[in-house]
Amino acid sequence: MEKNTRLILALDVTDRDEAIQISEKVAGYVDAIKIGYPLALATGMEIIGQLSKYAPIIADFKVADIPNTNRLICEQVFKAGADGVIVQGFTGHDSLEAAVKLAKEQKKDIFVVTEMSHPGALDFMQQAGEGIAKMAADVKASGVVAPATRPERVTEIRKIIGNELSIISPGVGAQGGSASDVIKAGADWVIVGRSIYQSDEPDMAAKKIVDEIKEVI
Ligand code: O7M
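Thresholds, definitions, all that
- Residues numbered from 1 in each chain as written.
- Predicted model: local features only at pLDDT ≥ 70, side-chain atom pairs only at ≥ 80, totals over all residues.
- Heavy atoms only, no water.
- Helix = DSSP H or I, 4+ residues; strand = E, 2+ residues; numbered from the N terminus.
- Buried < 20%, exposed > 50% of the residue type's maximum accessible area, 1.4 Å probe, protein only.
- Polar contact = N/O pair within 3.5 Å; in protein donor to acceptor, adjacent residues only side chain to side chain.
- Contact = heavy atoms within 4.5 Å.
- 1 Å grid on protein atoms, 1.4 Å probe; cavity = no way out; pocket = protein on both sides within 12 Å on 5 of 7 lines; lining within 4 Å.
- Points joined across faces, edges and corners; volume = space filled by probe spheres on them.
- Nonpolar A, V, L, I, M, F, W, Y, C, P; charged D, E, K, R; others polar.
- Near = heavy atom within 4 Å.
- Areas by Shrake-Rupley, 256 points an atom, 1.4 Å probe, with all protein chains shown as cover.
- Sits in = over half its atoms within 2 Å of the grid points.
- Core = buried A, V, L, I, M, F, W, Y, C linked by side-chain atoms within 4.5 Å.
- UniProt positions renumbered as here; feature names shortened; annotations may be inferred.

Student: An account of the side chain of Glu115 is requested, with residue identities and associated values reported.
Tutor: As for its position among the elements, Glu115 is in the loop between strand S5 (109-113) and helix H6 (125-138). Residue class for Glu115 comes out buried when judged on its relative accessible area of 1%. A polar contact is formed between the side chain of Glu115 and the side chain of Arg150, at a distance of 2.7 Å. At 2.6 Å, the side chain of Glu115 forms a polar contact with the side chain of Arg153. If sequence neighbours within four positions are ignored, Glu115 has contacts with Leu122, Gln126, Gly129, Val145, Ala146, Pro147, Arg150 and Arg153.

Student: Residue-level account of the layout of surface pockets, with values.
Tutor: Within this model, the largest pocket holds a volume of roughly 470 Å³. Forming the walls of the largest pocket are 25 residues, and the residues nearest its centre are Asp12, Lys34, Lys62, Pro170 and Gln175. Those elements that place two or more of their residues in the lining of the largest pocket are strand S2 (32-36), helix H2 (37-43), strand S3 (57-63), strand S8 (189-192) and helix H9 (194-197). Here the lining of the largest pocket gets three residues from one element, more than from any other, and that element is H9. When the residues that make up the lining of the largest pocket are grouped by side-chain class, the tally is 13 nonpolar, seven polar and five charged.

Student: Outline the site of the ligand, supporting the account with residue identities and numerical values.
Tutor: Close to the ligand lie 15 residues, the nearest being Asp12, Lys34, Ser117, Gln175 and Arg194. Between the ligand and Gln175, the relevant distance is 2.8 Å, taken from an oxygen atom to a side-chain nitrogen or oxygen of the residue. Coverage of the ligand by the protein chains reaches 90% of its 530 Å² of free accessible surface. Judged by its atoms lying within 2 Å of the grid points, the ligand is housed in the largest pocket. Classifying every residue of the shell around the ligand gives seven nonpolar, three polar and five charged.

Student: Give a detailed account of the nonpolar core, specifying residues and quantitative values.
Tutor: Counting residues in each nonpolar core, the largest one holds 64 residues, and the members touching the most others are Leu11, Ile35, Ile110 and Val190. Not counting the four nearest positions on each side in its chain, Ile110 is found in contact with Cys74, Phe78, Val85, Val87, Leu96, Ala99, Val100, Ala103, Ala141, Ser142 and Gly143. Counting 13 residues, the second largest nonpolar core, distinct from the first, contains Ile58, Ile86, Met125 and Trp189.

Student: Tell me about the UniProt feature "active site" (unreviewed entry) in the protein chain, and please be specific about residues and values.
Tutor: The sites that carry the UniProt feature "active site" (unreviewed entry) are, in the present numbering, Asp60, Lys62 and Asp65. In the annotation above, Asp60 and Lys62 are the residues that line the largest pocket. Inspection of the secondary structure puts Lys62 in strand S3. If we ignore the near neighbours within four places in the chain, the residues touching Lys62 are Ile86, Val87, Gln88, Val113 and Met116. Within the structure, Lys62 has its side chain in polar contact with the side chain of Asp60 (distance 2.9 Å). Residue class for Asp65 comes out partly exposed when judged on its relative accessible area of 33%.

So this is what it looks like as structure tokens:
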């Protein structure tokens, strides 16, 4: 994924035409489009190929299974045309290694969820987040997902993973996080959904975030 605008659109709409229209509008402002279960379940996996002409696609299926199943899932997602897959880290090193090995063979990316952005992540995930970040660095994943709602945690996670891995960070806008704050804290990209796709002018909403980021880099 090329680092230009540092913005990833989280396209959590459930209508194919709307997904295509929004992607067309924001293509110039995003480095990737993240699609997940809402859109894939509503429209089918071919949506990945359909949207990949606008931007690289990161498939957010938060894969969390045994090594063999992780590999089988990632194989299908890459075959559908995705450039990257998001996997959970809490399943441990062997599950993650299976996904990373396959991604490296296919020159694709694996991003590993460390600590999530919502309040409930403090119940269980936060305690594991730093260990997961270290594991992601040890197995040489492409990057990690860390919360824009807690920029100080992004800074901690950056210290653990160093500069080889990327940080992609959701939680900007609708969840209360700030794009400029989390980029300053050490994120490479922000992931933004509702603030863009629910806007009357998604392209202008995306541009506003890109401009905000430009001011701090
Ligand atoms: O900007 P939003 O809140 O509308 O959307 C944020 C997107 O990021 C949405 O697709 C979430 O599923 C996703 N996300 C989080 O919000 N928090 C996390 O901790 C992790 C993710 C994510 O993308 O995981 C890979």
